[in-house]
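# A look at the structure
If you want the building blocks of each chain, they are given just below.
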Amino acid sequence: MSAPRAPRLSRGRRLLAAVLSTFLVVGLAACGSGRPEGNLDVPAKDALERATGVTKVTFWHSMDSSNGVALRALVDKFNAAHAGKVEVSAVFQGDYDTAITKYKASVQSGTTPSIIQIYDIGTQFMVDSKEVVPVSGFAQRDGYDLGVIQKNIAGTYTVNGTQWSMPLNSSVPLLYYNKTAFEAAGLDPDKPPQNLDEIRAAAEKLSKVNGGPVAYGFGAAIYGWYLEQLAATAGEEFCDPQNGRTGRRVTSADFSSPTILASVQWWQKMVADGLAVNTGRVSKDAQDAFKAGQTAMTFESTGQVKGFTAASQGKFELGAAPFPVVSGSEAPGNGPSVGGGSLWISGPGHSEAEKEASWELAQFLAQPDSQAFWHTQTGYFPVNQKALDLPEDKAFVAKNPLFTVAIDSLNKTDVSPATTGCAAGPMPQMRKALEDGLERALIGKDPATSLRKVQENVAESVESYNESVGGS
Ligand SMILES: O=P(O)(O)OC[C@H](O)CO
């Protein structure tokens, strides 16, 4: 068992406090008061474990709706298999941004969960936090083969040769479309658009403004992820140097790259011409417009395949296609970077038994049968490639081909700095700034000026972060 937490902050914790004071952007006061559910300090936890023989694991996650139901089922299965030894409390902590804000608060109050799901862009922050232990250490010790993890997915969570976290829910964005509306508009439902120009051409036939069958041909949330992905599919690195994937810290990001600028200009014109609706930043609002048939095309994660499939039943035939590219940027090996989330095991302040139980949970969730279940119940990739060989997965995807669109797209994508996404510590803040730029453009401001302005706004934050954590 670990020693009790020292009352004084360690150097790592002092460092992190400096980082946090720079980057706590929303809601810290609201979520930082009180001890999060399920957390006890180490001595109390040790005593409880000794008395009961049961190791308590607090697992924070961001999976809701059908994805939350699937995760709950897996955790229940794990608990049943470990009855009397390990008890996992899975606690939904809100969306990814809310969860990371709560996590930062828990670091400051010394009440971090045993294991937490963090989105892809939190990777470098988690490494810098010094609050976590890498899964590669456990794997090496136990002879666990991390090679079963799909290569692009493993690449996302590997920093300087160390795989830090265990992927749980991996994704790429897709173009979802309403095949029924396509037919009504005289479009071929089996030929979805492949680039932004083709989306516009389809939207011109689909939209009410031109006498089409739906209110708007297109509508997607103002989500920086989509612009980052348009950069990735064009083979462009969003951050310098080399998306932070070569061991050197990110010093800047190119918000006004030709691809991002072209994408924002395209999106602005779609809205201005009545071919797209601006539903704002909340993903659910764009999802609801698509589910209700108000829009005929949208961008969303493959993790919405299950939810969209269920919502479209009896209303329209759902289609899903690879994420589009900016016209003219197609090239073999280019493709989207891996999104979604992974599991991080807490180190300081947690008992050895708790860390081991968390590792056990991470392995369980990544094992083939768990990932086959996860894939078929959600639409996220099976992070463990062996899941795809299981009869239950094969039988399911044979009947539900939309669950393979993202897998095919990922398998065609080479692993490169561009396709592993930007590993900047302050990437969540950079994404928000990108969204600010897009939002300004969608309400009519000049795209180039908007993007330049938000890039300037975030530059100081990047510099402060790097100074806080040190290293180059
Ligand atoms: O919606 P998800 O879970 O696929 O995640 C999307 C993004 O990767 C989050 O950064």
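Under the annotation held in an unreviewed UniProt entry, the protein chain carries the name Carbohydrate ABC transporter substrate-binding protein, CUT1 family and is attributed to Microlunatus sagamiharensis. Under the Subcellular location (unreviewed entry) heading, UniProt states for the protein chain: "Cell envelope". The UniProt entry for the protein chain carries the following text under Sequence similarities (unreviewed entry): "Belongs to the bacterial solute-binding protein 1 family."

## Section: the site of the ligand
Lining the immediate surroundings of the ligand are Tyr96, Tyr119, Asp120, Asn169, Ser171, Tyr223, Trp225, Ser301, Gly339, Gly340, Tyr380 and Arg431. Residue Gly340 places a main-chain N or O atom 2.8 Å away from an oxygen atom belonging to the ligand. Contact distances for the ligand include 2.5 Å between an oxygen atom and a side-chain N or O atom of Tyr380. Within the complex, 94% of the 310 Å² of free accessible area of the ligand lies under protein.

## Considering the packing of helix H11 (residues 224-233) against helix H12 (residues 258-272)
Axis separation between H11 and H12 bottoms out at 9 Å; the angle between their running directions is 130°. With respect to each other, H11 and H12 are oriented oblique. Viewed along their axes, H11 and H12 form a crossing whose handedness is right-handed. In contact with Tyr226, Leu227, Leu230 and Ala231 of H11, H12 contributes Thr259, Ile260, Ser263, Val264 and Trp267. Classifying every residue of the contact of H11 with H12 by side-chain character gives seven nonpolar, two polar and no charged.

## So, empty space enclosed by the protein
Counted under the stated rule, the structure contains four cavities of 30 Å³ or more. Taken as a whole, the largest cavity holds about 160 Å³ of empty space. Taken together, 20 residues line the largest cavity, and the ones lying closest to its centre are Glu228, Ser337, Thr420, Gly421 and Cys422. Mapped onto the lining of the largest cavity, the elements with two or more residues apiece are H11 and helix H19 (427-442). At five residues, H11 tops the list of elements feeding residues into the lining of the largest cavity.

## So, the packing of aromatic side chains
How two aromatic rings sit relative to each other is set out by the distance from centre to centre and by the angle between their planes. Per the stated rule, a full pass over the model turns up 22 aromatic pairs. Between Trp225 and Tyr226, the aromatic rings sit 6.0 Å apart at their centres with planes inclined by 40°, giving tilted as the arrangement. We note that Trp225, like Tyr226, is buried. Where Phe396 meets Phe403, the ring centres are 4.8 Å apart and the plane angle is 90°; that geometry is what we call edge-to-face. Looking at Phe403, the relative accessible area reads 3%, which means it is buried. Taken together, Phe218, Tyr223, Trp225, Tyr226, Trp266, Trp267, Phe299 and Phe323 form an aromatic cluster joined through their ring pairs. A cation over an aromatic ring shows up here: Lys104 above the ring of Phe125, its NZ or CZ 5.0 Å from the ring centre.

## Some remarks on the pairing of strand S12 (residues 295-301)
With seven of seven residues buried, S12 is to be regarded as a mostly interior element. Pairing analysis gives five bridges linking strand S8 (residues 173-178) to S12, with the strands arranged antiparallel. Bridge pairing in S12 places Pro173 opposite Ser301. Sheet analysis places strand S9 (residues 216-218) next to S12, joined by two bridges and oriented parallel. Bridge assignment links Tyr216 to a residue of S12, and that residue is Thr295.

## With respect to unusual backbone geometry
The omega angle of the peptide bond from Asp240 to Pro241 is -10°, so this bond is cis rather than trans. The topology assignment puts Pro241 in the loop between strand S10 (239-240) and strand S11 (252-253). Its identity is not glycine, yet Ser65 carries a phi of approximately 50°, on the positive side. Of note, Ser65 is situated in helix H4 (residues 65-81). At Asn243, a position not held by glycine, the phi torsion is positive, near 55°. Tracing the chain through its elements places Asn243 in the loop between S10 and S11.

## Re helix H16 (residues 368-378)
Looking at H16, one finds that the buried residues are Ser370, Gln371, Ala372, Trp374, His375, Thr376 and Thr378. Structurally, H16 contributes buried residues whose contacts are with H4, strand S7 (166-171), helix H14 (305-312), helix H15 (352-366), helix H17 (391-399) and helix H18 (405-411). After H16 finishes, the residue Gly379 shows a positive phi value of roughly 110°.

Procedures and definitions
- Residues numbered from 1 in each chain as written.
- Predicted model: local features only at pLDDT ≥ 70, side-chain atom pairs only at ≥ 80, totals over all residues.
- Heavy atoms only, no water.
- UniProt positions renumbered as here; feature names shortened; annotations may be inferred.
- Near = heavy atom within 4 Å.
- Polar contact = N/O pair within 3.5 Å; in protein donor to acceptor, adjacent residues only side chain to side chain.
- Areas by Shrake-Rupley, 256 points an atom, 1.4 Å probe, with all protein chains shown as cover.
- Axes fitted to C-alpha atoms, helices over the stretch in contact; angles between N-to-C directions.
- Helix = DSSP H or I, 4+ residues; strand = E, 2+ residues; numbered from the N terminus.
- Parallel < 35°, antiparallel > 145°, perpendicular 65-115°, else oblique.
- Left-handed = near helix turned anticlockwise from the far one by under 90°.
- Contact = heavy atoms within 4.5 Å.
- Nonpolar A, V, L, I, M, F, W, Y, C, P; charged D, E, K, R; others polar.
- 1 Å grid on protein atoms, 1.4 Å probe; cavity = no way out; pocket = protein on both sides within 12 Å on 5 of 7 lines; lining within 4 Å.
- Points joined across faces, edges and corners; volume = space filled by probe spheres on them.
- Phe/Tyr/Trp six-rings, centres within 6.5 Å; stacked < 30°, edge-to-face > 60°.
- Buried < 20%, exposed > 50% of the residue type's maximum accessible area, 1.4 Å probe, protein only.
- Lys NZ or Arg CZ within 6 Å of the ring centre and 35° of its normal.
- Pairing = 2+ DSSP bridges.

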